[in-house]
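Structural description and commentary
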Amino acid sequence: MAETQVQQMGVGDPTGAIQQCILSLHNIGVVKFGRFTLKSGMQSPVYFDLRLIVSYPKLMETVSELMWAARPGTDYDLVCGVAYTGLPIATVISTKQNVPMLIRRKETKGYGTKKLVEGSYQGNQKCLMIEDVIVSGSSVYESVETLRDLKLDVKDAVVFLDREQGGTANLKAMDINIVSVVTMTEMMSILLKHGCIDQVTHDSVLEFVSSHRDTSIVTKEKTSCKNGIQVMDRKNCSFESRITTTNHPLTRKLFEIMANKKTNLCVAADVTTTEELVSLADKVGPHICLLKTHIDILTNFSQDTIDKLRDLAAKHNFLLFEDRCVTDKA
Ligand SMILES: O=C(O)c1cc(=O)[nH]c(=O)n1[C@@H]1O[C@H](COP(=O)(O)O)[C@@H](O)[C@H]1O
């Protein structure tokens, strides 16, 4: 797609470039319907998986051109993609527009330079952030925060899809101006118009969006960034905010219990009968997040032991952790 053609778009997409792109993205399976767990833990009937475009170079070029055309300002010294899908898009923009690029890592390397930001930069350079999807704005915000710590001038961001779930307003409050190529409402109406989805699917997505418009920014970790090196500050993070720190469902579940029950107490149940174990679990259950068992020291262990513990874990909302050691070094 020619740059001039893309630049003519604007309100109403007169050239149809955005519509065409949405239909192509739908064809390759980027727009998925079903039941999806989002980064925030929220269940959604729709998922926009732009990562797939790395397998379709021409489409990646189109997406990059549409995003560059939608950018909110001019005269950027740098572009920076938000990991991961923002990175290939930023690379295409960087080479096509001849604007140098930065890479903002998701995690600091534990070796070598230990830098969080790769590439050359100087203080006060103006940088445009590039992201695939915005929900709450947390991903964009975390990257902006890191770059601002390095004294870069970051006020603008461009995103392909705005899911209209509060991210734009959240970022505005952080002095970040973000524009999107398309909103969820616009995308759904394009897909409906072209017979890609039925009215029921269309309506259920819009209903979901309208009832989940108030997401808030939850930063992964309180971090500070000195000379591009990230410093974690877990001790000052709430259990609530740490729910989003991890991708592991079990760890997330543990943080959810800790946040809900306001406890980080674990009990190690070193008792020798099922009756003692079950009675202890029922007594301490309301106050703990986790019960550690040693079923190999129970004299009357059976399936009944497991069933009773499971019922109590569900009743009092705690996790069970069996600590059977093959070799106990202690
Ligand atoms: O997990 C999500 O919320 C999500 C929904 C979706 O439809 N597509 C999608 O890519 N995401 C992920 O959500 C991130 C943005 O969420 P926020 O950080 O809350 O704005 C993206 O960078 C994706 O990793």
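Rules behind the numbers
Residues numbered from 1 in each chain as written. Predicted model: local features only at pLDDT ≥ 70, side-chain atom pairs only at ≥ 80, totals over all residues. Heavy atoms only, no water. Helix = DSSP H or I, 4+ residues; strand = E, 2+ residues; numbered from the N terminus. Contact = heavy atoms within 4.5 Å. Pairing = 2+ DSSP bridges. Axes fitted to C-alpha atoms, helices over the stretch in contact; angles between N-to-C directions. pLDDT = per-residue confidence, 0-100.

**Here's the deal with the environment of Phe208**
Structurally, Phe208 is set in helix α8 (residues 199-211). For the pair Phe208 and Gln165, spaced 43 residues apart in sequence, the C-alpha separation works out to 9.6 Å. Sequence-distant contacts of Phe208, that is, excluding residues within four places in its chain, are made with Met42, Gln43, Ser44, Pro45, Arg163 and Gln165.

**Some points on the sheet that holds strand β12 (residues 290-293)**
Taken in spatial order, the three strands line up as β11-β12-β13 in an open sheet, and their pairing is parallel. Every interior strand has two partners, whereas the edge strands, β11 (266-269) and β13 (319-322), have only one. Ignoring which end each strand starts from, the neighbouring axes of this sheet average 20 degrees apart. Note that β12 and β13 share four bridges and pair parallel. Within the sheet, the bridge partner assigned to Thr293 lies in β13 and is Glu322.

**Some remarks on the confidence of the model for the protein**
Of all residues in the protein, 84% have pLDDT values of 70 or greater, and the mean over the chain is 87. By mean pLDDT, the top-scoring element of the protein is strand β7 (residues 153-162) (98), and the lowest-scoring one is helix α1 (residues 3-7) (39). In the model, residues 225-231 has pLDDT below 50 throughout and makes 21 contacts with residues more than four positions away in sequence or in other chains. Listed scores for the predicted complex are pTM 0.69 and ipTM 0.96.

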